[in-house]
Amino acid sequence: MVHCYIKYKSKFVFLAIAFMLFLTEAYSQTEPMSVDGRASGQWAYTLEGIQSSFSNQAGLAGLKSFGIAAYAEKTHWLPEFANVGLAVGWSTGENSGMSVNFSSYGIEEFRQNRIGLAYGMRLTSDFRVGVQIDWYQTSIEGYGQNSQLTFRLGGIYNIFPSLKAGVHFSNPVGMEISGNHPLPSDFNFDLEWLISSQLSIGTGLKKSIEESPGFKAAVHYQIHPNFKLMFGAIT
């Protein structure tokens, strides 16, 4: 009986920790984010191509063929926690592209899954827009499951040939997965300055509900066609 009690108590404590992390993370970075963005302080909203599936869907207008992107990371101090994502995209014409993407965050006792269908298109030579429909599902052991539909919108504009801006809204209407548990609702504005064919620097702003604005700075250096150095931070 003692062994059973300890096992049950341990599981309860583990579930409680998971639930508290869920409440903490409700307003922070549990959203999908490309490898570039994770390495650059979440500066990723001017990206184009398949990586934009995890940031600004307007970048899908730049897809020229079929593409796949993925990421995986361990988070917090619990090795059971994982954050993974997968995107598959394809060109739908000279000026547009689509993507199906998936992300999953959590452990067996608590997990948040998301599936998105995204579309990006070029409206002019300098302006691209994108939209994504998201379906979220959250499951907590002993409490059941909840699901919700929401959406995100984005745009990328070439101000000059060497300077572009990206703007993005996720869950702009503040949908909740269940009572008092809002889905992440973020506004991002990024600027990218292409100094040369190898070097670009960026800055940006992130504003989430109930949080102070975060300011971003990043540097990307393409030292080889298949290898890039990325640095970044967010306040």
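Note: the structure precedes this text.
This structure is a prediction, so every number in the text was calculated from the model and none was measured.

Enquirer: Just to check I follow, could you spell out the pairing of strand β10 (residues 186-194) for this structure?
Expert: Both faces of the sheet carry side chains from a regular strand, because those side chains alternate between them. Bridge count between strand β7 (residues 163-170) and β10: eight bridges; the pairing is antiparallel. Its bridge partner being in β10, Phe169 is matched across the sheet by Phe187. As judged from the nine bridges shared by β10 and strand β11 (residues 199-208), these two strands associate in the antiparallel manner. Among the inter-strand pairings, Leu191 is bridged to a residue of β11, identified as Thr203. Between the antiparallel neighbours β10 and β11 lie four residues.

Enquirer: Would you mind going over the packing of aromatic side chains with me for this structure?
Expert: Working definition: an aromatic ring pair is given by the centre-to-centre distance plus the angle between the planes. Enumeration according to the criterion identifies four aromatic pairs in this entry. Ring centres of Phe127 and Tyr157 lie 6.3 Å apart, and the angle between their planes is 70°; on these two criteria the pair is classed as edge-to-face. Of the two residues, Phe127 is situated in strand β5 (residues 127-140) and Tyr157 in strand β6 (residues 144-160); the sequence distance between them amounts to 30 residues. Residue Phe127 is classed as partly exposed on the basis of its relative accessible area of 30%. The ring of Tyr71 carries the charged tip of Arg38 above its face, separated from the ring centre by 4.3 Å.

Enquirer: So what exactly am I meant to see when it comes to the nonpolar core here?
Expert: Looking at soluble globular proteins, one finds that nonpolar side chains tend to be buried together. Formed by Ile50, Phe54, Leu60, Leu63, Ala69, Tyr71, Ala87 and Ala118, the largest nonpolar core amounts to eight residues. Each residue touching Leu60, except ones within four places of it in the same chain, is listed here: Gly49, Ser52, Ser53, Ser96, Gly97, Met98, Ser99, Ala118, Tyr119 and Gly120. Formed by five residues, the second largest nonpolar core is a distinct cluster that contains Phe81, Ile107, Phe110 and Ile140.

Enquirer: Teacher, can you tell me more about the pairing of strand β2 (residues 82-93) here?
Expert: Pairing geometry for strand β1 (residues 67-74) and β2, over eight bridges, is antiparallel. Each residue of the ladder has a partner; that of Ala72, found in β2, is Val84. As paired strands, β2 and strand β3 (residues 96-106) are joined by eleven bridges and run antiparallel to one another. Considered in β3, the bridge of Val84 is made with Ser104. Between β2 and the antiparallel strand that follows it, β3, lie two residues.

Enquirer: Is there a simple way to think about the sheet that holds β7 in this case?
Expert: Pairing between the strands of a sheet is mediated by backbone hydrogen bonds and can be parallel or antiparallel. With respect to topology, eleven strands assemble into an open sheet ordered β1-β2-β3-β4-β5-β6-β7-β10-β11-β12-β13, the strand pairing being antiparallel. Unpaired on one side and paired on the other, β1 and β13 (227-234) mark the two borders of the sheet. Going from strand to strand, the sheet's axes swing by 15° on average, the running direction of each strand aside.

Enquirer: What's the story with the side chain of Ser40 in this structure? I'm lost.
Expert: Looking at the element boundaries, Ser40 is found in the loop between α2 (35-39) and β1. Classification of Ser40 by relative accessible area gives buried; the value is 0%. Of note is the side chain of Ser40, whose polar atom sits 2.7 Å from the side chain of His220. Those residues in contact with Ser40 that sit more than four places away from it in its chain are Ala217, Ala218, His220, Met230, Phe231, Gly232 and Ala233.

Enquirer: Hey, could you run me through the pattern of salt bridges in this one?
Expert: Oppositely charged side chains can pair when the atoms bearing their charge come close. Enumeration according to the criterion identifies nine salt bridges in this entry. Note that Asp186 is salt-bridged to Lys206, the shortest N-O span being 4.0 Å. Of this pair, Asp186 sits in strand β10 while Lys206 is found in strand β11, placing the two residues 20 residues apart along the sequence. Judged by its relative accessible area of 10%, Asp186 is buried. On the basis of relative accessible area, Lys206 is assigned to the buried category, the value being 9%.

Enquirer: How should a nonpolar patch on the surface be read in this particular structure?
Expert: On the surface, Phe66, Ile68, Val84, Leu86, Trp90, Val100, Phe102, Ile115, Leu117, Ile133, Trp135 and Leu149 cluster together to form a nonpolar patch covering roughly 1,100 Å² of accessible area. Taken together, the elements giving at least two residues each to the nonpolar patch come down to β2, β3, β4 (110-122) and β5. The residue Phe102 is located in strand β3 in this model. Using a relative accessible area of 34% as the deciding quantity, one classes Phe102 as partly exposed.

Enquirer: Where do I start with the side chain of Thr46 in this structure?
Expert: Within the secondary structure layout, Thr46 lies in the loop between α2 and β1. Here Thr46 falls in the buried class, since its relative accessible area comes to 3%. At a separation of 2.8 Å, a polar atom in the side chain of Thr46 contacts the side chain of Glu192. If we skip the residues at most four places from it in the chain, Thr46 touches Ile156, Lys164, Ala165, Gly166, Asp190 and Glu192.

Reading guide: rules and limits
Residues numbered from 1 in each chain as written. Predicted model: local features only at pLDDT ≥ 70, side-chain atom pairs only at ≥ 80, totals over all residues. Heavy atoms only, no water. Pairing = 2+ DSSP bridges. Helix = DSSP H or I, 4+ residues; strand = E, 2+ residues; numbered from the N terminus. Phe/Tyr/Trp six-rings, centres within 6.5 Å; stacked < 30°, edge-to-face > 60°. Buried < 20%, exposed > 50% of the residue type's maximum accessible area, 1.4 Å probe, protein only. Lys NZ or Arg CZ within 6 Å of the ring centre and 35° of its normal. Core = buried A, V, L, I, M, F, W, Y, C linked by side-chain atoms within 4.5 Å. Contact = heavy atoms within 4.5 Å. Axes fitted to C-alpha atoms, helices over the stretch in contact; angles between N-to-C directions. Polar contact = N/O pair within 3.5 Å; in protein donor to acceptor, adjacent residues only side chain to side chain. Salt bridge = Lys/Arg side-chain N within 4 Å of Asp/Glu carboxyl O. Patch = residues over 30% accessible without salt bridge, like charges linked within 9 Å, V, L, I, M, F, W, Y side chains within 5 Å. Areas by Shrake-Rupley, 256 points an atom, 1.4 Å probe, with all protein chains shown as cover.

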